[in-house]
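Coordinate analysis (summary)
Below are the chains, spelled out letter by letter.
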Amino acid sequence: MPQLVRHPPLDWHIHAVPSDAPLATRILVETAMAMIDVIRDDELSRLTICADSDCQGIVLDLSRNRSRRYCSTTCSNRNAQAAHRARRADQTVTA
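The paragraphs below set out a description of the structure included in this document. No experiment lies behind these values; they were computed from the predicted model shown. (Residues numbered from 1 in each chain as written. Predicted model: local features only at pLDDT ≥ 70, side-chain atom pairs only at ≥ 80, totals over all residues. Heavy atoms only, no water.)

Our next topic: unusual backbone geometry. The linkage connecting P8 with the following residue, P9, adopts the cis geometry, with an omega of 5°. Note that P9 resides in the loop between β1 (3–5) and β2 (13–15). Look at D42: it is not a glycine, yet its phi comes out positive at around 55°. One can find D42 in the loop between α1 (23–40) and β3 (47–49). For D42, a relative accessible area of 65% gives the class exposed. Backbone geometry at R66 places phi at a positive 55°, although glycine is not the residue there. Looking at the secondary structure, you find R66 in the loop between β4 (58–60) and α2 (73–94). For R66, a relative accessible area of 39% gives the class partly exposed. (Helix = DSSP H or I, 4+ residues; strand = E, 2+ residues; numbered from the N terminus. Buried < 20%, exposed > 50% of the residue type's maximum accessible area, 1.4 Å probe, protein only.)

Below, the structure is given as structure tokens:
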């Protein structure tokens, strides 16, 4: 049961799950609460599908300029490495 609590140095906020709940439960509930905030703040445009062609993950872009494209560091690194290899291949062909 969600509860409105206040404890220093934080102001009023919601605790949606007991602190002694299993980690998986806490992650699930906190994720759901974050999604509620996104919907309530009418920020659905911040939700997209990962730009990695092999991934169907969801990206929640909370960056100031809304530039996040990948759901994880793994997808971001994989695409950066592929772009780097493609540039190196182009340089080899033209050299």
